[in-house]
Amino acid sequence: MIVFAFLLIALVVVVAGVTLAVAGGGAEAVLPEAEPDRLSDALPENRPVVRADIDELRLPVAPRGYRMADVDDVLERLAAELAERDARIAELTAAAAPAPAAGPADGSVDLTKAADQ
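The rules we used
Residues numbered from 1 in each chain as written. Predicted model: local features only at pLDDT ≥ 70, side-chain atom pairs only at ≥ 80, totals over all residues. Heavy atoms only, no water. Helix = DSSP H or I, 4+ residues; strand = E, 2+ residues; numbered from the N terminus. Buried < 20%, exposed > 50% of the residue type's maximum accessible area, 1.4 Å probe, protein only. Areas by Shrake-Rupley, 256 points an atom, 1.4 Å probe, with all protein chains shown as cover. Patch = residues over 30% accessible without salt bridge, like charges linked within 9 Å, V, L, I, M, F, W, Y side chains within 5 Å. Salt bridge = Lys/Arg side-chain N within 4 Å of Asp/Glu carboxyl O. Expected span 1.5 Å × (residues − 1). pLDDT = per-residue confidence, 0-100.

### Let's talk about the overall build of the protein
A tally of regular secondary structure across the protein gives four helices and two strands. Counting every position in the protein, which comprises 117 residues, the buried fraction comes to 9%. As displayed, the protein has an accessible area near 10300 Å², and 65% of this comes from carbon and sulfur atoms.

### Quick look at a nonpolar patch on the surface
A surface patch of nonpolar side chains, amounting to about 680 Å² of accessible area, comprises Met 1, Phe 4, Leu 8, Leu 11, Val 12 and Val 15. Here Met 1 shows up in the segment before helix H1 (2-23).

### A word on H1
The end-to-end C-alpha distance of H1, which contains 22 residues, comes to 31 Å, matching closely the 32 Å that a straight helix rising 1.5 Å per residue would cover. The element H1 is barely covered by neighbouring structure, given that only zero of its 22 residues are classed as buried.

### Side note on the pattern of salt bridges
Under the definition given, this model contains six salt bridges. A salt bridge links Glu 45 to Arg 77; the shortest N-O distance between them is 3.6 Å. Linking Glu 45 in the loop between H1 and helix H2 (51-56) with Arg 77 in helix H3 (residues 68-96), this pair joins segments that are 32 residues apart in sequence. For Glu 45, a relative accessible area of 71% corresponds to the exposed category. Its salt-bridge partner being Asp 55, residue Arg 51 comes within 3.2 Å of it at the nearest N-O pair. Here the residue Arg 51 and the residue Asp 55 both occupy positions in helix H2, the gap between them amounting to four residues, near one helical turn. One network of salt bridges, with partners in common, ties together Glu 45, Arg 77, Glu 81 and Arg 85.

### A look at H3
An ideal rise of 1.5 Å per residue puts 42 Å on 29 residues; H3 measures up with 42 Å between its terminal C-alpha atoms. Along H3, the residues that are buried comprise Asp 70, Val 74, Arg 77 and Glu 81.

### Concerning the confidence of the model for the protein
When pLDDT is averaged across the protein, the result is 76; 68% of the residues are at 70 or more. Put simply, helix H4 (residues 111-116) is where the protein has its lowest mean pLDDT, 53, and H3 is where it has its highest, 89.

The following block contains the structure:
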């Protein structure tokens with residue numbers, strides 16, 4: 001009976017100590033403030049995304065991985081940026097390519113000119 005009373009008192013002391021440590025503390029709180037679980041390093045809206053933006057990007061973690069909405073937003077933005085850059089590259093490549101020389105309409109080669117060279 002004495003052992004039971006001792007264990008009961010010890011249990012009450014431990015539970016009270018844990019409760020005070022978690023809930024109490026006043027200005028000197030034991031637990032730090034929880035950070036919001038939202039995307040804080042959003043991609044810039046006023047300029048194109050650069051490599052440094054991707055390197056600095058940190059997606060918030062959810063209980064079973066990353067927050068799907070935030071990941072979807074980032075992937076959608078990156079896909080739009082890549083499509084825009086691909087279109088611009090194709091446009092510049094087409095503008096820089098030399099115009100094809102005018103030849104016969106049927107695609108045949110003029111052998112007299114080829115023999116002269």
